[in-house]
Each structure stands twice: as structure tokens, then as C-alpha cells.
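Single-letter residue listing:
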Amino acid sequence: EDQTIRQVVRTGVAGDKVRVRLSNEFGTTPLVVAAASIARHSAGAAIVAGSDRPLTFGGRRSITLAPGAPALSDAIEFDVPAVGNVVVSLYLPKASVPRTVHSLGVATTYISTPGDYSAAVVMPTARTASSWFFLTGVTVDANRRSAAIVALGDSITDGFASTLDANRRWPNVLAERLQASRHSAHLAVLNHGISGNRTLFDFIGPNAQARLDRDVLNAPGARWLIVLEGINNIGLPGAFGEPRKAFEHAGDVGA
């Protein structure tokens with residue numbers, strides 16, 4: 001409430017325009033985003049001075065997402081780096097319960113002291129988390145050859161036990177290898193792994209079959225699919241606890 005959430009996203013391919021996808025798809029009350037921006041990441045909760053650009057939704061700086069609704073920002077000019085970090089800042093003026101969350105972010109999210117710091121170079125931080133909240137995708141307008149490889153999976157793809165803020169999940173490593181060659185630098189990798197996810201039955205997040213349309217077939221620029229899922233079908237057969245709702249985050253940018 002009356003706080004700014006600053007979230008770091010690893011990009012896949014370079015481009016000159018960008019859109020950001022927000023979501024209240026698991027929310028039960030309206031989500032008010034009074035201001036949002038994207039910028040190049042400096043260090044910690046700081047952004048590169050002069051790099052921030054305000055995000056708009058239908059030409060407006062603020063947006064209210066109804067329960068169950070996603071939102072896609074307008075396309076804005078922004079210098080997107082290949083395999084680099086960008087920061088998405090969201091100012092939430094009202095009490096907001098983070099039901100639409102990706103629990104295993106393996107990246108530090110910064111939550112401010114009271115106030116709108118969406119455009120601030122240095123943001124005062126009240127606390128941090130290692131999850132993503134309400135942010136589900138960053139889409140880049142790249143060259144015509146660009147295409148995306150979707151990595152659909154569970155914790156192995158999501159980055160479980162990977163070093164915090166190091167971007168060493170296997171989809172990150174694949175993206176770096178692709179960018180290292182001029183023959184494949186037009187390819188992005190979309191990490192659509194959810195830790196604890198199962199193939200046919202919900203446990204953590206919608207099951208892989210249920211999210212195939214949204215996360216794969218409708219993913220921007222998707223041309224290829226890598227599936228690494230099934231271990232939780234054996235290890236987590238649904239014998240304990242209530243299923244926790246989590247939501248995918250395309251941690252790398254698609255074309």
C-alpha cells in the first residue's frame with residue numbers, strides 16, 4: 001500500500017520498442033497501478049539515470065485491473081539490451097494482496113518505503129523479496145527475423161537452487177549462447193518454468209497442459225518449444241497440502 005515495487009527482468013534479444021504485461025488473473029479485488037515505468041538496471045534498487053520511460057495503458061499512466069484480468073501496456077520506444085537487465089517499477093497506491101505471484105523469481109525484487117518512486121534513480125527500500133508480483137511478461141519489438149524458443153517446465157527450468165541475481169538458469173545460459181553467434185542472435189528464450197508445476201494436474205500454478213495455449217502457442221514470436229516437465233508428477237503426486245496458486249513469468253524477452 002502506497003509503495004513502489006521494482007522488479008528486475010533479464011532480456012533475451014535487443015530491440016527498440018517494448019511492451020510490458022501485467023496481471024491480476026488470480027486476484028479477487030481490483031488492482032490499481034497508479035504509475036509504471038521501465039528502465040535500464042544499474043545496481044540494487046537503482047536504475048541508470050535518464051533511461052526510464054513511463055508506461056501507458058491506452059494512453060493513460062494509470063490502470064485498474066479487474067479481478068482475473070491481464071493488461072498489456074502500449075508500445076513505447078526503449079533501447080532494449082540483448083541478455084541484459086531492465087527494471088519494471090509499479091506504484092501501488094492502495095492495499096494490494098499479491099495473489100498473482102511467481103514465487104521462485106531467483107532475482108531480487110525491491111519494495112519501497114511509502115511513496116511513488118517509479119521514476120526515481122535511487123529508490124529507498126523497505127524490504128526485498130525473491131519473487132515477482134503482478135508482472136508476467138516483457139515483449140520486445142525486434143528485427144523481422146527474430147523468433148522465440150519457449151522453455152516450458154518445472155523447477156529445473158524455473159531456476160531452483162540457481163544463484164540469486166546471477167541469471168544462471170539453463171534458459172539464461174542458452175540465451176547467452178545464442179547471442180554469442182551472429183547466426184542465432186535473432187533468437188530469444190522465454191522461460192515459462194514454474195517450480196512445483198505438474199503436467200496434467202494443478203499443484204503450483206496451472207498445469208502444463210492447461211497453460212499450453214497462453215504460455216506457448218500465444219507467446220510472442222514463439223517458433224520452437226522445449227519441454228522439461230514430469231518430475232513433480234512422481235515426486236509431488238498431490239498427497240499433501242492445498243495447491244498454491246502461482247503464475248508464470250516470461251523472465252526472458254520474446255520477439
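What you see is a predicted model; the values in this text were computed from it and never measured. (Residues numbered from 1 in each chain as written. Predicted model: local features only at pLDDT ≥ 70, side-chain atom pairs only at ≥ 80, totals over all residues. Heavy atoms only, no water.)

## Focus: the confidence of the model for the chain
Any residue range with low pLDDT should be treated as having predicted coordinates unsuitable for detailed reading. Filter applied, for reference: Confidence per residue, as judged by the predictor, is encoded in pLDDT with a range of 0 to 100. Residues count as neighbours in contact if any of their non-hydrogen atoms are within 4.5 Å of one another.
Chain-level statistics for the chain give a pLDDT mean of 91 and a share of 93% at 70 or above. Within the model, pLDDT remains below 50 along residues 239-255, and this stretch shows 82 contacts once partners closer than five positions in the same chain are excluded.

## Some details on helix 2 (residues 170-179)
The α-helix winds at 3.6 residues per turn, so residues separated by three or four positions along the chain end up facing the same way. Defined as follows: The buried label applies to any residue whose accessible area, calculated with a 1.4 Å probe on protein chains only, is under 20% of its type's maximum; exposed applies above 50%, and partly exposed to all values in between. Runs of E in the DSSP output that reach at least two residues are strands. Runs of H or I that reach at least four are helices, and both are numbered from the N terminus. Regarding the arc, it is the one traced by the directions from the helix axis to the C-beta atoms.
The set of residues buried in helix 2 consists of Pro 171, Asn 172, Ala 175, Leu 178 and Gln 179. Summarising the axial view, the buried residues of helix 2 lie within an arc of 125°, below the 170-degree limit, and thus occupy one face. If you follow the buried residues of helix 2, they end up packed against strand 1 (3-10), strand 16 (147-153), helix 1 (155-158) and strand 17 (187-193).

## Let's talk about the environment of Ser 130
Here Ser 130 is to be found in the loop between strand 13 (125-129) and strand 14 (132-133). Considering only alpha carbons, one finds Ser 130 and Ala 95, 35 residues apart in sequence, at a separation of 20 Å. Contacts of Ser 130, omitting those with residues within four sequence positions, involve Ser 103, Leu 104, Gly 105, Val 106, Ala 107 and Leu 164.

## Some remarks on the pattern of salt bridges
Two side chains bearing opposite charge may form a pair once their charged atoms approach each other closely. Condition: Just to be clear on terms, a salt bridge is a Lys or Arg side-chain nitrogen sitting within 4 Å of an Asp or Glu carboxyl oxygen.
This structure, assessed with the given rule, holds eight salt bridges. A salt bridge links Arg 214 to Glu 25; the nearest nitrogen and oxygen atoms lie 3.9 Å apart. Of the two residues, Arg 214 is situated in helix 3 (residues 212-217) and Glu 25 in the loop between strand 2 (15-23) and strand 3 (31-33); the sequence distance between them amounts to 189 residues. Glu 25 gets classed as partly exposed once you look at its relative accessible area, which sits at 23%. One salt bridge connects Arg 40 with Asp 79, and the closest N-O pair in it is separated by 3.8 Å. Of this pair, Arg 40 sits in strand 4 (residues 35-43) while Asp 79 sits in strand 9 (residues 76-80), and the two are 39 residues apart along the sequence. Judged by relative accessible area, which is 28%, Arg 40 ranks as partly exposed. Bridged by salt links that share partners, the residues Arg 21, Glu 25, Arg 211, Arg 214, Asp 215 and Glu 229 form one connected network.

## Things to note about the pairing of strand 2
Where we set the bar: Here the rule is simple: two strands pair whenever DSSP picks up at least two bridges between them.
In terms of strand pairing, strand 2 meets strand 9 through three bridges, oriented antiparallel. Note on strand 9: the bridge partner recorded for Val 18 is Ile 76. Bridging between strand 2 and strand 15 (residues 135-141) involves six bridges; their strand directions are antiparallel. Bridged to Arg 19 within strand 15 is Thr 139.

## Things to note about a nonpolar patch on the surface
Defined as follows: In this scheme, patches are assembled from residues that exceed 30% relative accessible area and form no salt bridge. Like charges are connected within 9 Å, while nonpolar side chains (Val, Leu, Ile, Met, Phe, Trp, Tyr) are connected within 5 Å. Per-residue and other accessible areas were derived by the Shrake-Rupley procedure at a 1.4 Å probe size, with only the shown protein chains allowed to occlude residues.
Taken together, the side chains of Leu 212, Leu 217, Leu 225 and Val 227 present a nonpolar region at the surface, about 350 Å² in accessible area. As for its placement among the helices and strands, Val 227 is situated in strand 18 (residues 222-228). Judged by its relative accessible area of 52%, Val 227 falls in the exposed class.

## Digging into the sheet that holds strand 18
To be explicit about the condition: Whenever a helix is involved, its axis is fitted only over the stretch in contact; in every case the axis is a line through C-alpha atoms, and angles between N-to-C directions fall within 0 to 180 degrees.
Strand order in the open sheet formed by three strands is 17-16-18, with parallel pairing between adjacent strands. For this open sheet the edge positions go to strand 17 and strand 18, each flanked by a neighbour on one side alone. Adjacent strand axes in the sheet meet at a mean angle of 20°, parallel and antiparallel pairs treated alike. Relative to strand 18, strand 16 runs parallel, the two being bridged by six bridges. What sits directly across from Leu 152, in strand 18, is Val 227. Against the sheet, helix 2 contacts strand 16, strand 17 and strand 18, and its axis sits at roughly 175° relative to strand 17.

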